[in-house]
Amino acid sequence: MGNCCERAGNFFGPQKNTNVRVSLPAVCFVWQIAMIVLFGVFIRYDEESDAHWVVYKKDHNVTDIENDFYFRYPSFQDVHVMIFVGFGFLMTFLKRYSFGGVGFNFLIAAFGLQWALLMQGWFHSLDHTTGKIYIGVESLINADFCCAGSLIAYGALLGKVSPVQLMVVTLFGVTLFAVEEYIILDLLHCRDAGGSMVIHAFGGYYGLAISWVLYRPNLNQSKRLNGSVYHSDMFAMIGTLFLWMFWPSFNSAITDHGDGQHRAAINTYIALASSVLTTVAISSMSQKGGKLDMVHIQNATLAGGVAMGTAAEFMITPYGSLIVGFCCGIISTFGYLFITPFLEKYLKLQDTCGVHNLHAVPGMLGGFIGAIVAAAADESVYSKEGLINVFDFEGDFANRSPGTQGGFQAAGTCVSIAFGLVGGAIVGFILKFPIWGDPADDNCFDDEVYWEVPEDEETIPPVLEYNNHMIHKHQEISESNFSVEQS
Amino acid sequence: MGNCCERAGNFFGPQKNTNVRVSLPAVCFVWQIAMIVLFGVFIRYDEESDAHWVVYKKDHNVTDIENDFYFRYPSFQDVHVMIFVGFGFLMTFLKRYSFGGVGFNFLIAAFGLQWALLMQGWFHSLDHTTGKIYIGVESLINADFCCAGSLIAYGALLGKVSPVQLMVVTLFGVTLFAVEEYIILDLLHCRDAGGSMVIHAFGGYYGLAISWVLYRPNLNQSKRLNGSVYHSDMFAMIGTLFLWMFWPSFNSAITDHGDGQHRAAINTYIALASSVLTTVAISSMSQKGGKLDMVHIQNATLAGGVAMGTAAEFMITPYGSLIVGFCCGIISTFGYLFITPFLEKYLKLQDTCGVHNLHAVPGMLGGFIGAIVAAAADESVYSKEGLINVFDFEGDFANRSPGTQGGFQAAGTCVSIAFGLVGGAIVGFILKFPIWGDPADDNCFDDEVYWEVPEDEETIPPVLEYNNHMIHKHQEISESNFSVEQS
Amino acid sequence: MGNCCERAGNFFGPQKNTNVRVSLPAVCFVWQIAMIVLFGVFIRYDEESDAHWVVYKKDHNVTDIENDFYFRYPSFQDVHVMIFVGFGFLMTFLKRYSFGGVGFNFLIAAFGLQWALLMQGWFHSLDHTTGKIYIGVESLINADFCCAGSLIAYGALLGKVSPVQLMVVTLFGVTLFAVEEYIILDLLHCRDAGGSMVIHAFGGYYGLAISWVLYRPNLNQSKRLNGSVYHSDMFAMIGTLFLWMFWPSFNSAITDHGDGQHRAAINTYIALASSVLTTVAISSMSQKGGKLDMVHIQNATLAGGVAMGTAAEFMITPYGSLIVGFCCGIISTFGYLFITPFLEKYLKLQDTCGVHNLHAVPGMLGGFIGAIVAAAADESVYSKEGLINVFDFEGDFANRSPGTQGGFQAAGTCVSIAFGLVGGAIVGFILKFPIWGDPADDNCFDDEVYWEVPEDEETIPPVLEYNNHMIHKHQEISESNFSVEQS
C-alpha cells in the first residue's frame, strides 16, 4: 500500500509536461519551410534526371537504358522499404508503443531525408562553379542511408523520448553523419558501400551515447509496458523480414555498376542466411527447454547484413561471407542475452531495442572485417584493373596499396565510433533541457502520451446487446472510479 | 429503453436480404467467362512479349535489355503492390471490416484489371488492321492504374455496400475511366503520367457521387463499428507505408524512358516527404495535448503523391515539389478535421475513408498544378528537344505552345471531375435497386455479413482447463442470455 | 469428468519430450559448419560477379547493363519476398502458431538456400575442369526456388513437427529436389521455369507423403488450436497478397531474357486475376448465406499462379491463361471444401494448410498443361527461331519436335510426383524415430512448445490501478489453481 501511495504521489504530484501541441507543429513548420528555401537555393536535377537528357544522350552517345536510374532504382526501392517498413515495423514490438514505433520512424525519416539531401550534397556533390547540388537516384539512396543512422539511434531511445526530441536527434544525427561520412569516404578514401562504419557503427554508438546521458533511474515504473504481446511480435517480424530480405539491396545499392552490385548482393545474401542458423542455435541453447526467443529472431538474424556492410563489395569469397554471418549471429545473440542486461545494470545504459547488439557491435566488426579483407586484396584475385576498380585507386590515391587501404579502413571505423559517442553525448545533454515534452518515468513506452489511441480490442457486442453493454460499461467505470477514490 | 425496443424492432422487423449466394457467384462466373471470350477475340502479345521478339531484335538492331520489360517491370511490381497491399491494407482500419477491406479490394482489382486491359485496349491501342489489342508490360501498369480509380471509389463506400455492388461499381468505373482517359490524354493531348486527374480526381468524385446517392440517414446505428482498434490501425499503416514508399514508382511507371522516369521519381519522393511533416504539424495542433491522430498519419501523408501525379514528370524543380507536398499535407489534414464532418452533416455525404481529402481534392489540385507548370515551361529550362520530348509536341500537336498546353491540362482536370460526378450519380442510382444484397443501416462495417468470421481473440486456455473453461463459458452465455431476457 | 480425467492422465502420464535444447543447436551448428567447409571447397563467384568482370567486359565487348544482375535482380527480390514473407505469413493463420509459422519458415529457408546452392551447383553447374561451382544472381533465384519445395511440404506439417524435424525435411527435400530437377530439366530436357512440376507438384506430394506417414489419430485433442482468429487471418493475408502479386516474377525470374521474361509475367498476371473470381464464386456458393471463407481467399486465389509455372513462358495466349486460372480457382476451392476433409477421414492424411489443393494438384495440372501447350507449339505461332529459342531445341535436342517435347513434359510431371511420394514416405519414416522432439497430440499447433510466448493481449491497466490489478490477478490465479485441484 505504501508503494501504491508513493506511485499515486508521483501521479498527482508535479508531472512532466508532455504537451507538444506548440513545439511539434512549430518544429515541423519551421524546418519544413527552411527545407523549401534551401532546396530553392541549392538543389537541382542532375544531367540524368533533367529534361536536357535528350541532348546529353546524343552528345555522349548513350541510350536510355544506361541512365543510372535503371541501374539503381530497384535497389533504391528496396532500401526505401527497409527504412520505412523495415525499421518502422521492427520497432512495433512493444505492446503499447506500436504507433510511436512506426509513426515517429515515419516522421523522422521523412524529415531526415530532406536534410540529408542538403548535407550530403554540400559535402559530396556541391558544384563549386554553379553553387548547386545536382541530385539523381543515387542521391536518394544516400539520403535514405543517412536517415538510417538516426533511425538506429531511435532504437536505443524507443519509448523514452518525445517526437520533438527525435526531430533534434535527427537534425544533429544527419549533420554528424554527413561530416563523418565526408571524412571517412572522401578524406580517408575508405570504401563503405553498405555502411558498416558510417551507418551502423555511427548510428549505434550515437544512440547509445544519447541514451546513456538520458539515463532514467526509475524506468522500471514503466516496466509493465516494456515488453511485447503476441501480435506486436508478429508486426515486428514484418520489419525483420523486410530488412533481412532487402539487405542485399542495401549493401549493393551504391556499389559499382556490374560486378560490384552483383557481388555485394551475393555476399550479403549468403552472410544473412548463416546468421539465422547461429542465432537460432544460441537462442535455443540459452533457454530452459530449448525454446526460442522472439527478440533474438527479430534482431540477431540481421547481424550478418550489418557486418557485411563494408566487405560485401570486396572479393571476400562466399565462404568468407558465411563465416562472417556465422560469427555475428552468435555475437549478437550473446549480446541480447548478456551484454544488454550488463550495460543497463552497470553502465546505466538503457537500450530499448538492443541496438548495441544489432548495429553498434556488428557495425564495428564489419568495419574491421572490411579492413582485413581490403588489406588482403591482391591482383591475382582481383586482376589489376579489378583492384583499381573496386578500391578506386585513381587520382590522388593511385599509388595506395591494399595494405595501406586496410589501415585507412580501420581508422575510418574508429572515426565513425568517435563521432557517434562524442556527438551522441552532446546531443544527449541538449535533450536534457526540460523543454522537450518527454514522458515521465512511469509514462514511457505508452502511446497514450503522444497519440489518440482507439479503444482496446474487445469482443464487439452484437447490436441488440449494445445498449446494455454500454450501461454495464458505465457502471463498471463508476464503480472502479469509486474504488480508486476509496483506496 | 424505448430506443432499445426500437432497435430490436429494426432487428426483428423486415431485414434487408444480404444473401449473395446466387448473385455473387453469378456475377463472377458470367463476367469471367465474358472476359475469356473477349480476350480470345481481341488480346494478343505485343512484339516485345511475343516469341517473334528474337526476329524483331535482329530486324530492329536492338538487344534484350532494351525490351520495355526492363524499363518498366520494377515499377510495375511496385504499382501492383500499391493496388493490392497498399489500397487493400489502408482499408483494414475498421475494427471489424478488415476482411472486407482487403478481401473485396482484392476481388474488384482482380476483375477490374481484366476489364481494363480490354477497355483501354479498345480506346488506346486497338490495331485497326488486325482488330487486335497487343499488350505488354505497359498495358499491365495501365490496367492497374485503371483499377485504382474504382478502388478509390470503394474507399468512400467502405462497409456500406455488398460485393456485388462493388463489382458493378468497378465495371462502370473502369468503363468511365477508359472514356475519360481517352478524352483527356488522346483528344485533349494532356500529360498525366501519375493520374492526378484521370485516376485520383475521377476516382474520388466518382466514389463521392455514389456515396451521396446512397446516403444512409440511419448509419449511426452502426456507429459502434465505425472506428478502429489498436491493431487494425497497425494493419492500416502497412497499407499507408507501401503506398507512400512506392508512390515514386506510381508516378514514374509510364513516363518517358530515361529522364522522364528519373525525374518523376525524384519529384514524388520529395513531395511526399514534405507532406509528412505538415500532416504531423496540423494533426498535432488540432488535438488537445498535441496528440497525433492515426487517421491523419494514415492518409494525409500521401496527399503529396496524389498532387504530383501530373506535374512529377515536368521540370517542377525539387523545391516546387516540396511546396506542393507542404500545401497538400495541410489541406488534406484540414479536410479530415473539418470538411468530412461538414460534408456528412450538411451535404449528406458519408465518406468512410475520407477519399475527398486524400484523392478528390489533392487530385484536382494536382491537375491544376500540372496545368500551371506546363504553362510555365520554356525552352531555356527544358531545351528545345526536351520540351518536345516531355510534352509530346509532335504530329498534330507540333505547334502547340506550353501556354496552350496548360489550358488543355486545366480543361482535362474539369473533364475528369465531371465524369466522376455524373458517372457516379448514375451508378449510384443503379445501386439503389433493392437487388444487390447491401447491408441494413445497423449492419454496416461488419464482416459478419459477408464473411465466415472466426471466433474472437481470447486467452487460449491451457489443455487441462479447457473442459472446465468450456463449461464456464456455456454457463456465462446462459446467464447473459438470461439477463438479456430479463432486461 | 471421465473425459477430463483421461486428458489429465495424458497430461501427467508419459509425455513426449519436446526439449530441443541440445538437438536444435547441434543440428544448426553442425550443418552450418558443414556449409562453410563445402562452400570453401566448391563455391566461387561467376564471371559476372567476379572482380575480373572489368576485363571480361572488354574481352566480350559488353557493357555493365548487360550483366545478368540487371535482367534478374528485381525478379530475384520479388521471389525472395515470396519465400520469406509470402510463405512465412501465409502460415501464420493459426491462432497460436504464428511464431512457428513465420519463424520456422525463416529458419528452414535460410538453411535450405545454402544447401541448395551446393546441390544445384553439383548437378547443374559444376565446372569439371576446376571442380568449382560458379554462382551469380540466377543461382540465388534457383536456390530460393529449391527451398520453396520444402516450404510447401512444411505447409502440410504445420504445427505437428519440431524444428529439428523440419531441418531434416529440408535437408532431404533440397537433395531430392536437386536430383529430380536434374532428371527433369537436364535428362528429359523439359522446360519448367516457374516450377509447376519441380517445385509445386514435387513439394506438395513430398509434404503429403510425410504427413501421411506421421498420421496422428488423436490430433483432435489439439482441435481447440487448429483454427484462426480474426487478426491471424489478417496476417495470413499479407502472405497471400505478396505471393499473389509477385507470382509473375516467380514464373519469369529464370526464363529467357527479353520476350521470355516479358511473356511469362503477362501470362501469370492474367491467370491469377482469373483465379480470384472463380475462387470467390465457389467460396460464396458453398456457404449458407453466400458468405466467403478466408481459407479459400488466402489459398485458392493463388492456384492460377501454380498452374502457370510451366506454361507461362510458352505462347499459351492471354485467353489461355485466363482459362487456366478459371479452372484452377474452381478446382482448388473444391479441394478445400471436399477433398481435404475426405483425405483426412478416409486416407488418414492430415494436411494443415491444404497444400494438396494449392500446390500438389495445381502443380500436377500445370505440368500437364505445359505438356499440352508444348505439344501444340508450331512455327507459325513462334517463328522458327522463336521455337528453337523457347524450347532450347539445340545441341543434342536440335531434332526434337514439339510433339515429342510435350511427351517429355508429361513424363517429367510424373517423375516429380514419384519423387515427392517416394521421397516423402522415406523421410516420414525417418521422422518417426522418437528422438526429434515433436509435440504430443494434445500439444500441436501451440507456440508454447518451442517459443517463449509473451503474455496475452489484454487491456493494459493504467498506472494507478496496476498494483491493484496485480493483486487481483494473483488472487485469481490462486483461486483457479485451487479449483483445479478440487475438480
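Computed from a predicted structure; not experimentally measured.

Visitor: So what about the pattern of salt bridges? Which residues, and what values?
Guide: Going through the model one piece at a time under the given rule, you end up with 33 salt bridges over all chains. For E313 of chain C, the salt bridge is made with R191 of chain C, and the minimal N-O distance between the two is 3.0 Å. One end of the pair, E313 of chain C, is in the loop between α12 (303-307) and α13 (318-346); the other, R191 of chain C, is in the loop between α7 (163-187) and α8 (196-213), with 122 residues separating them in the sequence. The class for R191 of chain C is buried, based on a relative accessible area of 12%. Here the salt bridges share partners, and the residues they tie into one network are K16, R216, D438 and D441 of chain A.

Visitor: Describe the pairing of strand β3 (residues 132-135) of chain A, listing the residues and the values that go with them.
Guide: Residue and element names in this part refer to chain A. Only one face of β3 is covered, namely the face carrying I133 and I135; the face carrying K132 and Y134 is uncovered. Strand direction decides the pairing type here: strand β1 (residues 43-45) and β3, joined by three bridges, are parallel. Counted as the bridge partner of I43 is I133 from β3. As defined by bridge partners, strand β2 (residues 126-127) adjoins β3 across two bridges and the pair is classed as antiparallel. From the neighbouring strand, L126 faces β3, where its bridge partner is I133. Where β2 folds back onto β3 in an antiparallel hairpin, the turn is made up of four residues, including G131, whose phi is positive at roughly 70 degrees.

Visitor: Could you give an account of the confidence of the model for chain A, naming the residues involved and the relevant values?
Guide: Residue and element names in this part refer to chain A. Chain-level pLDDT for chain A is 91 on average; 90% of the residues reach the 70-or-more range. Within the model, pLDDT remains below 50 along residues 1-14, and this stretch shows 14 contacts once partners closer than five positions in the same chain are excluded. For this predicted complex, the interface score ipTM comes out at 0.92, while the overall pTM is 0.93.

Visitor: Which residues make up the UniProt feature "domain: Ammonium transporter AmtB-like" (unreviewed entry) in chain A, and what values go with them?
Guide: Under the present numbering, the feature "domain: Ammonium transporter AmtB-like" (unreviewed entry) in UniProt falls on residues 66-433 of chain A. The straight-line gap between the two end C-alpha atoms of residues 66-433 of chain A is 52 Å; of that span, 73% is helix and 2% is strand.

Visitor: Residue-level account of the interface of chain B and chain C, with values.
Guide: Tallying the contact residues gives 89 residues for chain B and 90 residues for chain C. At the boundary of chain B with chain C, total buried surface from both sides reaches about 7,700 Å², with 72% on carbon and sulfur atoms. The shortest N-O distance in the salt bridge between E385 of chain C and K58 of chain B comes to 2.7 Å. Where chain B touches chain C, the interface holds 25 residue pairs in polar contact (both at pLDDT 80 or more). For the side of chain B that touches chain C, the secondary-structure elements that each account for two or more residues are α2 (23-42), β1 (43-45), α3 (53-60), α4 (68-90), α5 (98-125), α6 (137-157), α9 (230-252) and α18 (466-486) of chain B. Tallied by class, the residues present in the side of chain B that touches chain C amount to 54 nonpolar, 19 polar and 16 charged.

Visitor: Can you tell me about the relation of the copies chain B and chain C, naming the residues and giving the values?
Guide: Each copy of the sequence occupies a distinct position, and chain B is placed on chain C by a rotation of 120 degrees and an axial shift of 0.0 Å, giving an RMSD of 0.0 Å. These values place the two chain copies in the arrangement generated by a three-fold rotation axis. Taking C-alpha positions as reference, the residue of chain B nearest the rotation axis is P74 of chain B, located at 3.6 Å. The residues that chain B uses at the interface reappear at the interface of chain C in only 12% of cases, marking distinct surfaces.

Visitor: Could you give me a rundown of the sheet that holds β2 of chain A, with the residues and numbers involved?
Guide: Residue and element names in this part refer to chain A. The strand order β1-β3-β2 describes an open sheet built from three strands, whose pairing is mixed. In this open sheet, the two strands that pair with only one neighbour each are β1 and β2. Running at roughly 105 degrees to β3, helix α5 (residues 98-125) makes contact with β1, β2 and β3 of the sheet.

Visitor: Could you give an account of the side chain of Q405 of chain C, with specific residues and numbers?
Guide: All names here are of chain C. Tracing the backbone through its elements, the reader meets Q405 in helix α17 (residues 402-431). Taking relative accessible area as the criterion, Q405 reaches 0% and is therefore assigned buried. Within polar-contact distance, the side chain of Q405 engages the side chain of R400 at 2.8 Å. Once residues within four sequence positions are removed from consideration, Q405 is found in contact with H189, C190, R191, A374, F391, F393 and R400.

Visitor: Describe the sheet that holds strand β2 (residues 126-127) of chain B, listing the residues and the values that go with them.
Guide: Residues and elements named next belong to chain B. Taken together, three strands build an open sheet; the order of strands is β1-β3-β2 and the sheet is mixed. Unpaired on one side and paired on the other, β1 and β2 mark the two borders of the sheet. Across the sheet, α2 touches β1, β2 and β3 (132-135), and the angle it forms with β1 is around 55 degrees.

Cut-offs and rules
- Counting restarts for each chain, with residues numbered from 1 along the sequence as it is written.
- Here chains are named by letter from A upward and ligands by number from 1 upward, in the order in which they appear as written.
- Local features in this predicted model are restricted to residues of pLDDT 70 or higher, and side-chain atom pairs are both shown and tallied only at a pLDDT of 80 or more, whereas totals for entire chains, interfaces and linings draw on every residue.
- Computation of side-chain values covers all heavy atoms of the structure but excludes hydrogens and water.
- Salt bridge criterion: a side-chain nitrogen from Lys or Arg within 4 Å of a carboxyl oxygen from Asp or Glu.
- Each helix corresponds to a stretch of at least 4 residues labelled H or I by DSSP, and each strand to a stretch of at least 2 residues labelled E; elements are numbered beginning at the N terminus.
- Think of it in three bands: with a 1.4 Å probe and only protein chains considered, a residue is buried below 20% of the maximum accessible area for its type, exposed above 50%, and partly exposed in between.
- At least two bridges found by DSSP between two strands is the condition for calling them paired.
- Every residue is assigned a pLDDT by the predictor, reflecting its confidence on a scale from 0 to 100.
- The contact criterion used is simple: two residues touch if any of their non-hydrogen atoms lie within 4.5 Å.
- UniProt positions are given in the numbering used here, feature names are shortened, and annotations may be inferred rather than shown by experiment.
- Here the quantity called buried area is the accessible surface, traced with a 1.4 Å probe, that two parts lose on coming together, added over both.
- Here a polar contact is recorded for every N or O atom pair within 3.5 Å, except that within protein the pair must consist of a potential hydrogen donor and a potential acceptor, and residues adjacent in sequence are included only if both atoms are side-chain atoms.
- In this count, Pro and Cys sit with the nonpolar residues alongside Ala, Val, Leu, Ile, Met, Phe, Trp and Tyr, while Asp, Glu, Lys and Arg are called charged and the others, Gly among them, polar.
- Least squares is the method used to superpose the copies, on C-alpha atoms of residues holding a pLDDT of at least 70 in both.
- For helices, the axis comes from a line fit to the C-alpha atoms of the stretch in contact; other axes are also lines fit to C-alpha atoms, and the angle between any two N-to-C directions lies between 0 and 180 degrees.

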